[in-house]
Amino acid sequence: MKERLVLVGNGMAGVRTLEELLKYDPEHYDITVFGAEPHPNYNRIMLSPVLAGEKTIDDIILNSRDWYAENGITLHTGDAVVAIDRAARKVKTESGMEVGYDRLLLATGSNPFIIPVPGADKDGVLGFRDIADVDKMLEAAKQYKKAVVIGGGLLGLEAANGLMKNGMDVTIVHLMDILMERQLDHPAAEMLKASLETRGMKFLMQASTAEIVGGDRVSGVKFADGSEVEADLVVMAVGIKPNIELARQAGIHCERGIVVSDTMQTFDPRVYAVGECVQHRGICYGLVAPLFEQGKVAANHLAQIGIARYEGSVTSTKLKVTGIDLFSAGEFNEQEDDETLVLQDPAQGVYKKLVIRDNRIKGAVMYGDTMDGTWYFQLLREGTDISDFRSTILFGQHDVGDAGHGDTARVLSLSDDAEICGCNGVCKGEIVNAIQTKGLFTLDDVKAHTKAASSCGSCAGLVEALLANTVGEGYDAAPSKKAICACTEHSHDDIIKAIKDHELKDMRTVFDFLAWKTPDGCATCRPALNYYLLANWPADYQDDMQSRFINERAHGNIQKDGTYSVVPRMFGGLCTPSDLRAIADVVEKYDVPEMKVTGGQRIDLFGIKKNDLPAVWKDLSDAGFVSGHAYGKAMRTVKTCAGKTWCRFGTQNSTALGVKLEELTWGSWMPHKFKLAVSGCPRNCAEATIKDFGVVCVDSGYELHVGGNGGIKVRVTDLLCKVDSEEEVLEYCGAFTQMYREEAHYLERTAPWVERVSLSYIKSRILDDEAERKALYERFKFGQKFSQIDPWKQRAEGAEAHEFMPLEVVSQ
Amino acid sequence: MNNWTEITPLDEIPQLGSRVIKTDTMEIAVFRTAADEVFAVKNACPHKAGPLSEGIVHGNSVTCPLHNWNIDLASGEALGPDEGCTNTFPAKVDGGIVYIDLKNSSRAC
Ligand SMILES: Cc1cc2nc3c(=O)[nH]c(=O)nc-3n(C[C@H](O)[C@H](O)[C@H](O)COP(=O)(O)OP(=O)(O)OC[C@H]3O[C@@H](n4cnc5c(N)ncnc54)[C@H](O)[C@@H]3O)c2cc1C
Ligand code: SF4
Ligand code: FES
């Protein structure tokens, strides 16, 4: 029987956690959700635009009732949970329903703080938290004229802006002398106030509310100094209170919020909590970005993967009042000894301030031009030393000079890892990649695929700029997929599919079937086709040397001076004295100018003349070596550590396992180079977590990691799974490798491939589907029968001799 | 007046491939296309003298292995956006044998 998971609180954090959980493991739980509100999960952030009349309720529904049904989730709306019986492990609702749980997830959000002054319970006094509040405000706007919003923070200003848009005369009452003092410094707050005043908003600063006056319904607000303003509607937006009553009654430890550990567990380990109701390391968050991070961690543990930790977040804020750009992050008020960099242009309405400590950004406030906010925020979070570009940093990531400003020009100049969507942590590269590979055309498509712009929406403009540019101006006409080269209209995926589905087994047939425009392709498509044919039809297809790049044709790396380097394979990096002697003999016999130990744990011989290659290979081959394929889009090396035999930390025999893996995989042609490693314990001396396929041995078995990459853009692997035996390591490795061989685009490494197709897709084929995994593994082993024929030996014996011998010497 | 030198049987050159001949002064790459036409081109790319013989042959052109310039085999000229050219030599197949006229090198640009 499946375990039962109950979610209390059908809001943004709770449902996001479920989404993450379903990605990891859609089958693990029977899920039941209780929501006090009568709606399915909606985007609470977007209540402000709804109030302002810029969006409708339908626009902001995040998960329709169909979504719950499709994922087998039982949803009860309009029924609050009133008690938790932790001993009996069940919850009880207002309507009297009782549901048992194995795991409980609390995501009860928070309540608006209502100032406890006399009259606060009158009709017409509201918070600003949910759809019901918005309905009441819209209702009031139809009948009444005068509104007072108490609280000049983010929420209050958005409420005031919305009410004003509905024709009300709005006064903002604020206790401090600075608006949004939690986000803004004095100059920025003044600019904001001035700009709102020109729109017709009124402000009462440093005013302390003493009483709400009126009969049944409010008629005014009275202040501590005795003054009074008229009001038919009062919105209190002075802060939120984590909603912890339910948890507290159930005896779960709470302080300001429900106290959770780094794994998002409460003091009762069966009970998890996420969202605004939570207090983590002393902090309660009130913005979605950290809540979504919490959700990811909670889901990871609920799925029993158990490796994620939530370590707190630095947050940034944008105000969603159309026409006003403002951004703030970190410690934006400087302390003693801090430095500040300021750019102020009152005429343009632009103000930027960065707070710097030890040449690192600690905080940022921006008004009027917030384009670079995400960049500063990234520098802040990553603690980047800015000394190198300090003098121009205020002008933005790309000081664009005379090349027009505007979102479009600037978003294009951002680097791929620049964060575009702060709420969901989505970078430019991910968005562009999704647009290209998934053929996306609209903002909604991008939201659906990447989640960018799906929460607070302030980055929608940037996403649209990326769309317009990536897809091209008249996007209707633009092809939805990218042709592999000018010889054809077909994309990599089309071609792979055609080769597979229509059993196309040689290049000419592919050209004909897919109506190639050139007689025999070009240097881009031919190597790709040659690879696809080889990977799909190892027994039938005759490898075409003329469609391979020279390194693969000559089985050596062509060096700068036209000589070649040769790297014999050393399985798992192990070698013997006679191996080394044989290599030394070759070096001396052929005057090899240089030898070097490589990072892949073998020896590179540099500077061999092309026509000596066959003889060098013969000598190496006679000594028992095979090619290391250091020149090819192929399986390169298996790096290993000392392991259990010699290292006191070792948990398994990592070296022997490395040798087995290399014996399994050597000789295999790949879309791109492919590297493996095996570490004997989590100290990971073999750097297995930046390899295409890495194994980290642990006491209880083997962790398998995939999709890592050293190189220009380092990417740490994703954990595929953990297995118990060496046999399974080999099987999973073969299956993963074969899936990559069959489905990745030629010249696409595992790292971008994993990101393109998603880890959960790979898991669905390799973990969830045993038959599929075994079939992949079998296909891999079948293909290996044809590729584990040493090319050096063949050539030493005379194959492809024309490749190495010049024709004849002719005197002129 | 051509001055043909016998080079090799056509079969010694792979289709869509090449062989290199060395003269006293330079290397010449002899290409064979899919249609069994042969071309003789100085084995030095007009860009940075890359070995054209090691490139991928398609249609009547070859892609240089170093930086992917496409060179037209008949004229020795770089195709597409790139500009430059290398020497070519008259070549023919007669009775299954490849002949080249090493004395009549031409250069289009
Ligand atoms: C107007 C407005 C604008 C905002 N703008 C931004 C912004 O621009 N950027 C940003 O990052 N954040 C913004 N926020 C904050 C953001 O919406 C919240 O941080 C986020 O929604 C909190 O998610 P949550 O799941 O913790 O709580 P919620 O989304 O509030 O969900 C909690 C749910 O649990 C239900 N519930 C509570 N108790 C029970 C019970 N006992 N049984 C059943 N159900 C229960 C509640 O009814 C509610 O539906 C804004 C909030 C508001 C109100
Ligand atoms: S990874 Fe672990 S077992 Fe291997 S050498 Fe390092 S410490 Fe030893
Ligand atoms: S040398 Fe041929 S392209 Fe550069």
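Position numbers for residues start from 1 in each chain and track the written sequence from start to end. Written order decides the labels, with chains lettered from A and ligands numbered from 1. The predicted nature of this model means local features are confined to residues of pLDDT at least 70 and side-chain atom pairs, given and counted, to a pLDDT of 80 or more, with totals for whole chains, interfaces and linings taken over all residues. The basis for every side-chain value is the complete set of heavy atoms in the structure, and neither hydrogens nor water enter the calculation.

1. Overview of the overall build of chain A
- A tally of regular secondary structure across chain A gives 26 helices and 37 strands.
- The buried label goes to any residue with under 20% of its type's maximum accessible area, the exposed label to any with over 50%, and the partly exposed label to all in between, with areas taken from a 1.4 Å probe on protein chains only. Counting all 812 residues of chain A, 55% fall into the buried class.
- Whether two residues touch is decided by their heavy atoms; if any such pair falls within 4.5 Å, the residues are in contact. Of the contacts formed within chain A by residues at least 6 apart in sequence, a portion of 61% connects residues at least 24 apart. Each helix corresponds to a stretch of at least 4 residues labelled H or I by DSSP, and each strand to a stretch of at least 2 residues labelled E; elements are numbered beginning at the N terminus.

2. A few points about the sheet that holds strand β10 (residues 97-101) of chain B
Residue and element names in this part refer to chain B.
- Pairing between strands is defined by DSSP: at least two bridges between the two strands are required. Across the sheet, three strands lie side by side as β1-β10-β9; this open sheet has antiparallel pairing. Each edge of the open sheet carries a strand with a single partner, namely β1 (4-9) and β9 (91-94). Going across the sheet, the axis of each strand differs from the next one's by a mean of 30°, ignoring polarity. A fitted line through C-alpha atoms represents every axis, and for helices the fit uses only the stretch in contact; the resulting angles, taken between N-to-C directions, go from 0 to 180 degrees.

3. A word on the pattern of salt bridges
All names here are of chain A.
- What counts as a salt bridge is simple: a side-chain nitrogen of Lys or Arg found within 4 Å of a carboxyl oxygen of Asp or Glu. This structure, assessed with the given rule, holds 48 salt bridges over all chains.
- Here Lys774 makes a salt bridge to Glu731, at a shortest N to O gap of 3.0 Å. With Lys774 in helix α25 (residues 770-787) and Glu731 in helix α22 (residues 726-743), this residue pair connects regions lying 43 residues apart in the sequence.
- For Lys774, a relative accessible area of 37% corresponds to the partly exposed category.
- By relative accessible area, which is 13% here, Glu731 ends up buried.
- A salt bridge links Glu742 to Arg779; the shortest N-O distance between them is 2.7 Å. Placement of Glu742 in helix α22 and of Arg779 in helix α25 is noted, with a sequence separation of 37 residues between them.
- The exposure class of Glu742 is buried, given its relative accessible area of 6%.
- Arg779 gets classed as partly exposed once you look at its relative accessible area, which sits at 36%.
- Each member of the salt-bridge network shares a partner with another, and the members are Glu731, Glu770, Arg773 and Lys774.

4. Quick look at the side chain of Thr655 of chain A
Residues and elements named next belong to chain A.
- With respect to the helices, strands and loops of the structure, Thr655 is situated in helix α21 (residues 654-665).
- Whenever a nitrogen or oxygen atom comes within 3.5 Å of another N or O atom, the pair is scored as a polar contact, on the condition that within protein one atom can donate a hydrogen and the other can accept it, and that pairs from neighbouring residues in sequence are kept only if both atoms are in side chains. Of note is the side chain of Thr655, whose polar atom sits 3.2 Å from the backbone oxygen of Cys641.
- With near-sequence residues (within four places) excluded, Thr655 lies in contact with Gly572, Leu574, Thr640, Cys641, Ala642 and Gly643.

5. Thoughts on helix α15 (residues 492-501) of chain A
Residues and elements named next belong to chain A.
- Here α15 has its buried residues at His492, Ile495, Ile496, Ala498 and Ile499. Along the long axis of α15, the arc covered by the buried residues comes to 165°, so they all point the same way.
- On its buried face, α15 sits against α16 (507-513), α17 (525-536) and α22.
- Looking one or two places after α15, you find Glu503, whose phi comes out positive at around 50°. Picture the helix axis, draw a direction to every C-beta atom, and the arc is the one those directions span.

6. Quick word on unusual backbone geometry
All names here are of chain A.
- If you check the backbone angles, Asp358 has positive phi at about 50° while not being a glycine.
- With respect to the element layout, Asp358 can be found in the loop between β24 (350-357) and β25 (360-367).
- Of the residues examined, Asp358 reaches a relative accessible area of 61% and is grouped as exposed.
- Here the phi dihedral of Asn359 falls at roughly 65°; this positive angle occurs in a residue that is not glycine.
- Summarising the element assignment, Asn359 is placed in the loop between β24 and β25.

7. Looking at the site of ligand 1
All names here are of chain A.
- Think of it this way: one heavy atom of a residue within 4 Å of a molecule or strand is enough to make that residue near it. What surrounds ligand 1 is a group of 33 residues, the closest being Ala13, Glu37, Arg129, Glu276 and Lys320.
- Within the backbone of Met12, a nitrogen or oxygen atom sits 3.3 Å from an oxygen atom of ligand 1.
- Between ligand 1 and Arg129, the relevant distance is 2.5 Å, taken from an oxygen atom to a side-chain nitrogen or oxygen of the residue.
- For ligand 1, the accessible surface in isolation is 990 Å², of which the surrounding protein chains cover 92%.
- For the shell around ligand 1, the secondary structure elements donating two or more residues are α1 (12-24), β2 (29-35), α6 (154-165) and α9 (288-302).
- In terms of residue count, the dominant contributor to the shell around ligand 1 is α1 (three residues).
- Classifying every residue of the shell around ligand 1 gives 16 nonpolar, eleven polar and six charged. Only the protein chains shown count as cover for residues, and all accessible areas are computed by the Shrake-Rupley method using a 1.4 Å probe. Think of it as three bins: nonpolar holds Ala, Val, Leu, Ile, Met, Phe, Trp, Tyr, Cys and Pro, charged holds Asp, Glu, Lys and Arg, and polar takes everything else, Gly as well.

8. Focus on the pairing of strand β35 (residues 701-706) of chain A
All names here are of chain A.
- With respect to burial, β35 is a largely interior element, five of its six residues being buried.
- In this structure, strand β34 (residues 693-698) lies alongside β35, joined through six bridges in antiparallel fashion. Across the sheet, Gly694 pairs through a bridge with His705, a residue of β35.
- Between β34 and the antiparallel strand that follows it, β35, lie two residues.
- The pairing of β35 with strand β36 (residues 718-723) spans five bridges and is antiparallel.

9. Thoughts on the interface of chain A and chain B
- Taken together, the contact pairs 25 residues of chain A with 29 residues of chain B.
- Summing both partners gives a buried area of about 2200 Å² for chain A against chain B, and 56% of it is carried by carbon and sulfur.
- Where chain A packs against chain B, one counts one salt bridge.
- As a salt-bridge pair, Lys610 of chain A and Glu54 of chain B come within 2.5 Å of each other at their nearest N and O atoms. Buried area, as used here, totals the accessible surface that two parts lose on assembly, with accessibility defined by a 1.4 Å probe and the loss added over both.

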